[in-house]
Amino acid sequence: MADLEIRDLTVEADGAEILRGVTLDLDKGRTLALMGPNGSGKSTLAYAIAGHPAYDVTGGTITWKGTALTELTPDERARLGVFLAMQYPVEVPGVSLTNFLRTAVNATQGDGEDVPVREFMSRLRGAMKDLGVDESFLQRSVNEGFSGGEKKRFEILQASLLRPELAVLDETDSGLDVDALKTVAEGVNRLQGPDLGVLIITHYTRILRYIEPDEVHVMFEGRIVASGGPELADELEEHGYENLKTTA
Amino acid sequence: MTEFLLDDLTEEALTGRSDAAEEPSWLRDRRLAAFKRYLDLAWPDSRADEFWRSTPFQRRIDVDRAVVTTAPADVEVPASVTDGLDLGSATARIIDGEVVDITLPTAMAELGVVVTDLATAAREHGDLVRTHLGSLTTSDPEGTGGGSDRTVTVNDAAWTAGLFVHVPAEVELDAPISVQVHASTPGAHLPRVLGVLGHHARATLYLEHTSAPELDALVDEVVEVIAQDASKLDVVSLQRWDGPVQHLSLQKVAAHRDASIRHLTVTIGGATVRVLPECDLVGAGAEVRPLGIYFADEGQWFDLQPYVRHLAPHASSDVLFKGALQGHSRTVFRGNIFVHKDAVGTVTDENNRSLILTEGARADATPFLEIECADITAGHGSATGQIDALHLFYLESRGIRRDDALRLIVFGFFRDVLREIAAPGIEDVALADIEARVEAADLSKVQINDAALQDLG
Ligand SMILES: Nc1ncnc2c1ncn2[C@@H]1O[C@H](COP(=O)(O)OP(=O)(O)OP(=O)(O)O)[C@@H](O)[C@H]1O
Ligand SMILES: [Mg+2]
């Protein structure tokens, strides 16, 4: 049994069916790329894994390390090691970035004990340095007024502090210039290892040059319509999704 | 001893007390003048008086009480904000009807700073007190205050424990002057504070209101502070009543030429709290930033009425009040901006935000603008909302439990206001009080606004 098993998943939002039976396996230590045209349902899958309240799972299962994720609240999922780097990170007005991160770190890895402030701050400063995030952000509010690229960096910064075992990266590459993309990809690479499974959602092979996937899957109209090795990504970039639509 | 009843003041009682306190005759005459107006006035009628429309006086305020004129010998007073801080603050306590425990650090005394009880000040600093006492309220016909509210006039006539603070011209203080008003016995309490900042002075005044647990009392308070030319004043008033206290507080400041004032009120405790943070901008180029945060819980009724009067040109005001509510509670924000016809170049803005946490709470907001002058810039706005489901999801998706997520969001809601005044100790105390409230909240009853979920794509 795979660490993450998604079986015949159907998901609705606002009464409309978006995922129409998705099946996918991901083991820790592996990296999957999920591609597909706009509106095909990639983010919906990501949100369903994380437990977003706007998305109703109407059928099928999501099992993570033997536990049915769909039975759990978003915070319980996160404490089981699930992390979603969102395509559109949410601005939370006034909530201090430092307090937010500290609360999240304590919730996910304190074992009931808070991580000592000094240890937390030195880990935070280290992660900020790695990802090229200026120290002035410590005084800012969560995502408030961040540029698109800053938000993406901050998502990966959270991942590196929360040390997930499953990281879903939803278009983390969009909105990043080449240098930022490199920095962020290096951040992801640092996290990779036998204890982390990565599901990377993207439209472009650009990021896949830095983070090499073991498998590539293609979603179209709420289903996985093609699967293959890294070469599939190059094919898609060259020819687009046109011939998929005919096979789907 | 003659009876001293809030609802039935007598000339005899007032004269007797004034003489016993060895108040100068001009002060006694002022009290008696105010007493005459008190006799002419009735208690507010919430149907007739527009400033009282928002709070039903008859139902929420009990005036049938004896005025408390003394302080018991052994009162346990909760620690004040400045107690734990090594700031070199001047501190004073008003307990019930008496001023006790004034501490003025030598460093401040050497600069000529005065913190003393008002009756003493009326003798020793007669000119200053005579000029300013009541100049912003109803007891001085030459002053800027109107004469029509009996809850103010009664204090003008019968104030008991009074405190005088003077920061001479060009004296700049880093440490706050911290006044704790503590109510320990049932009855009517009539504290009074007069502050005067000389030109180019700088000072921070804390007014901290505490009470014995479960105390049923009415505190009818008047605070006046005059900020003379180019002075800088921060006033922070904390309402931390521990019980069903009824609190009526006029906190009026005057900003003279180029003076700059920030005025923060933090309202957490009390059954009915009506605070009027008022400011007269009497000098050109003056500026005022009235700020407020409040958190109302089951049974509480908070009425906040910032009132800014632009009486001089090129002055600016920027009002920001934020409140959270839970349980069956009620908050009223009535912001008033008046711009005199000569106040050209006025810049003013006024905003109120309410966060309703659970069903049954109600927040009313009415920003008023009364503008006689065309050449100005004015804005206002108000909004009431609930916890945003997307904010909650984002925090929860990072492993943060719902109660912690709510606490972070509520703190975040208030943070921009608290950030405006870097007053030592205040943010910590305010957030601790708010945290206690959020912790006591029934999470299952928290209302969540999921409107934002619909327009995802
Ligand atoms: N909350 C929602 N309510 C209604 N419809 C939604 C909601 N979320 C997504 N949809 C719809 O579901 C479909 C799939 O959306 P989704 O965001 O999953 O696509 P995507 O593959 O991530 O697209 P993109 O590449 O543009 O990010 C779209 O048609 C979208 O409009
Ligand atoms: Mg998407």
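Residues numbered from 1 in each chain as written. Chains lettered and ligands numbered in written order. Predicted model: local features only at pLDDT ≥ 70, side-chain atom pairs only at ≥ 80, totals over all residues. Heavy atoms only, no water.

**Some details on the site of ligand 1**
Then, number 1: Around ligand 1, the surrounding shell holds 18 residues, and the nearest of these are A:Lys42, A:Ser43, A:Thr44, A:Tyr55 and A:His203.
Then, number 2: Proximal residues around ligand 1 fall on chains A and B, making this an inter-chain site.
Then, number 3: Within the side chain of A:Tyr55, one N or O atom sits 2.7 Å away from a nitrogen atom of ligand 1.
Then, number 4: The side chain of A:Gln87 places a nitrogen or oxygen atom 2.9 Å from an oxygen atom of ligand 1.
Then, number 5: In isolation ligand 1 has 630 Å² of accessible area, and contact with the protein removes 78% of it. (Near = heavy atom within 4 Å. Polar contact = N/O pair within 3.5 Å; in protein donor to acceptor, adjacent residues only side chain to side chain. Areas by Shrake-Rupley, 256 points an atom, 1.4 Å probe, with all protein chains shown as cover.)

**What about the pattern of salt bridges?**
Residue and element names in this part refer to chain B.
Then, number 1: For the structure shown, the criterion picks out 41 salt bridges over all chains.
Then, number 2: Here Asp-318 ties to Arg-289 by a salt bridge, and the two come within 3.2 Å at their closest N and O atoms. Here Asp-318, found in strand β17 (residues 316-325), pairs with Arg-289, found in strand β14 (residues 287-296); they are 29 residues apart in sequence, far enough to count as distant.
Then, number 3: Residue class for Asp-318 comes out partly exposed when judged on its relative accessible area of 29%.
Then, number 4: Residues participating in the shared-partner salt-bridge network are Lys-252, Glu-278, Asp-280 and Arg-309. (Salt bridge = Lys/Arg side-chain N within 4 Å of Asp/Glu carboxyl O. Helix = DSSP H or I, 4+ residues; strand = E, 2+ residues; numbered from the N terminus. Buried < 20%, exposed > 50% of the residue type's maximum accessible area, 1.4 Å probe, protein only.)

**Side note on the sheet that holds strand β19 (residues 347-356) of chain B**
Residues and elements named next belong to chain B.
Then, number 1: As summarised here, the arrangement of the 10 strands in space is β2-β1-β5-β8-β10-β12-β14-β17-β19-β21, forming an open sheet in which the pairing is mixed. Two strands lie at the open edges of the sheet, namely β2 (98-103) and β21 (377-385), each paired on one side alone. Each neighbouring strand pair of the sheet contributes to a mean axis angle of 10°, computed without reference to strand direction.
Then, number 2: One ladder, built from seven bridges, connects strand β5 (residues 177-183) with strand β8 (residues 202-211); its direction is parallel. When the sheet's bridge partners are listed, Ala-183 is paired in β8 with Ser-211.
Then, number 3: Its contacts with the sheet place helix α10 (residues 426-440) against β8, β10 (232-239), β12 (260-267) and β14, and it is angled at close to 25° to β14. (Pairing = 2+ DSSP bridges. Axes fitted to C-alpha atoms, helices over the stretch in contact; angles between N-to-C directions. Contact = heavy atoms within 4.5 Å.)

**What to know about the coordination of the magnesium ion (ligand 2)**
Residue and element names in this part refer to chain A.
Then, number 1: With distances of 2.0 to 2.1 Å, the protein atoms coordinating the magnesium ion (ligand 2) are Ser-43 (OG) and Gln-87 (OE1). Taken as a pair, Ser-43 in helix α1 (residues 42-50) and Gln-87 in the loop between β6 (82-85) and α3 (97-109) lie far apart in primary sequence, 44 residues in all. This pair shows no difference in class: Ser-43 is buried, exactly as Gln-87 is. (Donors = N, O, S within 2.8 Å, 3.2 Å for Na, K, Ca; no water.)

**Some details on empty space enclosed by the protein**
All names here are of chain B.
Then, number 1: Tallied over the entire structure, the rule returns five cavities of 30 Å³ or more.
Then, number 2: Each pocket or cavity is described by its volume, and for the largest cavity that value is around 70 Å³.
Then, number 3: As for the largest cavity, its lining consists of Asp-149, Thr-151, Val-152, Asp-220, Glu-221, Val-222, Leu-248, Ser-249, Leu-250, Arg-274 and Leu-276.
Then, number 4: For the lining of the largest cavity, the residue count by class is five nonpolar, two polar and four charged. (1 Å grid on protein atoms, 1.4 Å probe; cavity = no way out; pocket = protein on both sides within 12 Å on 5 of 7 lines; lining within 4 Å. Points joined across faces, edges and corners; volume = space filled by probe spheres on them. Nonpolar A, V, L, I, M, F, W, Y, C, P; charged D, E, K, R; others polar.)

Honestly, that's just the spatial picture; any functional story needs more than this.
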